[in-house]
Structure formats: C-alpha cells, structure tokens
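# Examination of the molecular architecture
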Amino acid sequence: MGITVRAALNQALRDALTEDQKVLLLGEEVAQYNGPFKISEGLLKDFGPDRIIDTPITEMGFAGLGVGLAFQGYKPIVEFMTMNFSMQAIDQIVNSAAKTNYMSGGQMGCPIVFRGPNGSALQNAAQHSQSFGAWYAHVPGLKVVSPYGAAESYGLLRAAIEDPDPVVFLEHEMLYGQTFEEELPTYALPIGKSEVMLPGKDVTIVSFSIGLHHVMQALPQLREKNIEPEIINLRTLRPLDMAPVIESIRKTNRLVVVEEGWPFCGVGSEIITQVLENAFDYLDAPPVRVTSEDVPLPYAINLEKMALPSAQKVIIAVDRVV
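What comes next is a walk through the structure. Remember, it's a predicted structure, so these values are computed and weren't measured experimentally. (Residues numbered from 1 in each chain as written. Predicted model: local features only at pLDDT ≥ 70, side-chain atom pairs only at ≥ 80, totals over all residues. Heavy atoms only, no water.)

As a further point, take the sheet that holds strand S9 (residues 195-198). The strand order across the open sheet formed by five strands is S9-S11-S10-S13-S14, and the pairing between neighbours is mixed. Strands with a single pairing partner mark the edges of an open sheet, and in this sheet they are S9 and strand S14 (288-290). Between one strand axis and the next, the sheet turns by 25° as a mean value, whatever way the strands run. Bridge analysis of strand S10 (residues 203-207) against strand S13 (residues 255-258) gives four bridges, and the strand direction is parallel. The residue bridging Ser-207 from the neighbouring strand is Val-258, located in S13. (Pairing = 2+ DSSP bridges. Helix = DSSP H or I, 4+ residues; strand = E, 2+ residues; numbered from the N terminus. Axes fitted to C-alpha atoms, helices over the stretch in contact; angles between N-to-C directions.)

Next up, the structure:
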C-alpha cells in the first residue's frame, strides 16, 4: 500500500488531535489555506479554529505563544512555513523551550513540537535552503527528529507530540510527495532509535532524511560493483543512537556518512568522532563524509546541483573506503 510522506504527516496530526484535546496546531496558513504544503489539509474543517489556528507572520510571536501554551499543559504543534523562518524564533526555541525544564529543576516541562520543511528544495536560494539538523542537535534540552519514509514520519511525529520535552521535527520538502510502499504503524515509534534499513557486509553507510534518498539511488550501482553496503537510518539526531552504527563498523570496518548539511561541525562529524572514540581499532580505512559544499546554496540550478549531495557522490565516497 503506497502512501506519501505528506499524507502520513497529515494522518499523524489528525490522529493526535482526535485522541488528545490538548493537542493544538498553530502557524502561518495552517488553517484556512490547509497549510503551505497541505500537511494540515482538512484539519480546520474537522477540528475547528480553536485548535487549528492561523497566526500572523511573526515567528517569534507564535512560537512564544506555543511555548506558553506548553507551560500551561497543552501540547502545541508549531508549524514553520520553512524551518529557515525558525531563525526568527530561535530565542523562544533555545532559551525558553529547551532550557526551562533544567532551569526550573524539573518543575516545568515544555511538551511542544516545532516542525516544518527543512533543507533544500528546487532553487529556493541560500536563505531558504538550510539544513538545521546540526544546529538544533547542538542544544541540550531539545530532541531532534529527522525522518525519511512515510511510516517513520507518522510514527515519529506521533511520538514527538506525546513527548514531555520540546521536539524539533525536521521534515524535508523534497520528500513530501514521495510515495513509500508501506503501511502506517498503529503506534508511535520510539525517539532515539536508529534502524538498520539494509544489512550488508562491505561498508557502513549512515544517513537520515533526504540523504537516504541519495543512498538508495546509489544502491544499484554499488551492487553492480559487488559492494553490499549496510545502510543505517538515524531517524533521530538527538538523542543519537550510535549502538547500531558501532555494531555495524565491527562487521564492515568501513564508514561513509551522508547528510545534506554543511561539513563543518556537522552531524557527520559527530558520528565519525563517536566511531573513532568507540570503534577505532575496527576501521580499515578513514571514514568519509558526503555533505553539501561549504557555501551558501546557489540559486542557479546547475550550481545548486553541484553543491548538494548526490548518488554519484555517495558512490565516489564508497569507492574511497573500499
């Protein structure tokens, strides 16, 4: 049964709103317009304007409103039209939502989800094409989720809404319309658990979100080279589940990390560091990262393509380590 990531996220919101009256959705155009990417399609009609709330174009304002609602026991879902606009609300996300539980000695929680499309799209230019995984995973007090397929998008969004801590939920615009031949789970998936998507023996490839799209595109050519990669989907960037990665390295002895973010201080850097700390003696080659180029993403489509990760770049990286 095929289902798009867009439909899976819509169903997750619908089920959460149905099951818990304290769940609210607020953001720009989420109600009357059904969401800028139609993730909230039909929700205003079914749940009304008291729970599906259109806000003014003021990210700091409605993010702060969401944080205040969470302090009062509600479970707000704050949608940013793009996660690039969350920069306008970063004080509310980092200094209010993330730190209050710690600074109150555990007396105040903040069960809130900040979600929206993350990363590049097609010619959205530098200010609208940033990947925020490493940015938000750097912050103690936040949980950061970045799914790939439809089933995990559904299950992890359900888990994020139920979680007592603030969760940054990074969707990818280029995955919204992709169809996955799978059924939605009937339960929330655990936050902080990686998944071995494909067992293999020659190289460990670790990725998440859109990076896995490039990995799966590279898979047929890798198999033509008689390379059987073990592919690990992180799903969650904080907390980061490294146990399957370390176990895989002990088997394959080689590592490639694929992410859309920039290389400097990136998610891939953290993964490689933890592998070096915990499995250095098992490596037979230096780990290799596949990332975006270390520049603001160009608008010109030929330069944009050159700057982003791709299946061919994954194949080149695997060739380097094997």
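Moving on from the model shown.
What follows concerns unusual backbone geometry. Cis geometry marks the peptide bond from Arg-238 to Pro-239, where omega comes out at 0°. Topologically, Pro-239 is positioned in the loop between strand S12 (236-238) and helix H9 (243-252). Unusually for a residue other than glycine, Cys-265 sits at a positive phi of about 60°. If you trace the backbone, Cys-265 turns up in the loop between S13 and helix H10 (267-279).

Time to look at the side chain of Ser-248. As for its position among the elements, Ser-248 is in helix H9. Reaching out from Ser-248, the side chain makes a polar contact with the side chain of Glu-230 at a distance of 2.9 Å. With near-sequence residues (within four places) excluded, Ser-248 lies in contact with Thr-204, Glu-230, Ile-232 and Asn-253. (Polar contact = N/O pair within 3.5 Å; in protein donor to acceptor, adjacent residues only side chain to side chain. Contact = heavy atoms within 4.5 Å.)

This part is about the packing of helix H8 (residues 210-224) against helix H12 (residues 311-321). At a minimum axis separation of 8 Å, H8 and H12 run at an interaxial angle of 60°. The angle between H8 and H12 falls in the class oblique. Considering how the two elements wind past one another, H8 and H12 form a crossing that is right-handed. Residue-level contacts link His-214, Val-215, Gln-217, Ala-218, Gln-221 and Leu-222 of H8 to Ala-311, Gln-312, Val-314, Ile-315 and Val-318 of H12. By residue class, the composition of the contact of H8 with H12 is seven nonpolar, four polar and no charged. (Parallel < 35°, antiparallel > 145°, perpendicular 65-115°, else oblique. Left-handed = near helix turned anticlockwise from the far one by under 90°. Nonpolar A, V, L, I, M, F, W, Y, C, P; charged D, E, K, R; others polar.)

Ile-52, Ile-205 and Val-256 are the most contacted members of the largest nonpolar core, which totals 57 residues. Not counting residues within four places of it along the chain, the set of residues in contact with Val-256 comprises Val-203, Thr-204, Ile-205, Val-206, Val-288, Val-290, Ala-317, Val-318 and Val-321. Core analysis: the next-biggest nonpolar cluster, separate from the first, contains 41 residues, Ala-63, Val-94, Ala-98 and Tyr-136 among them. (Core = buried A, V, L, I, M, F, W, Y, C linked by side-chain atoms within 4.5 Å. Buried < 20%, exposed > 50% of the residue type's maximum accessible area, 1.4 Å probe, protein only.)

It is worth spelling out the pairing of strand S2 (residues 23-27) at this point. In terms of burial, S2 is largely enclosed, as five of its five residues are buried. Bridge count between S2 and strand S4 (residues 75-79): five bridges; the pairing is parallel. Each residue of the ladder has a partner; that of Gly-27, found in S4, is Glu-79. Bridge analysis of S2 against strand S3 (residues 52-54) gives three bridges, and the strand direction is parallel. Bridge pairing links Leu-26 to Ile-53 in S3.

On to the sheet that holds S3, then. Strand order in the open sheet formed by seven strands is S3-S2-S4-S5-S7-S6-S12, with mixed pairing between adjacent strands. Strands with a single pairing partner mark the edges of an open sheet, and in this sheet they are S3 and S12. Strand-to-strand twist of the sheet, defined as the mean angle between neighbouring strand axes without regard to direction, takes the value 20°. The pairing of strand S5 (residues 113-118) with strand S7 (residues 167-172) spans six bridges and is classified as parallel. Each bridged residue has a counterpart across the sheet, and for Val-113 the counterpart in S7 is Val-167. Relative to S7, helix H7 (residues 150-162) is tilted by about 160°, and along the sheet it contacts S2, S4, S5, strand S6 (143-145) and S7.

Moving on: a nonpolar patch on the surface. A cluster of nonpolar residues, Leu-122, Met-174 and Ile-301, forms a patch on the protein surface that exposes about 290 Å² of accessible area. As for its placement among the helices and strands, Leu-122 is situated in the loop between S5 and helix H6 (133-137). (Patch = residues over 30% accessible without salt bridge, like charges linked within 9 Å, V, L, I, M, F, W, Y side chains within 5 Å. Areas by Shrake-Rupley, 256 points an atom, 1.4 Å probe, with all protein chains shown as cover. Salt bridge = Lys/Arg side-chain N within 4 Å of Asp/Glu carboxyl O.)

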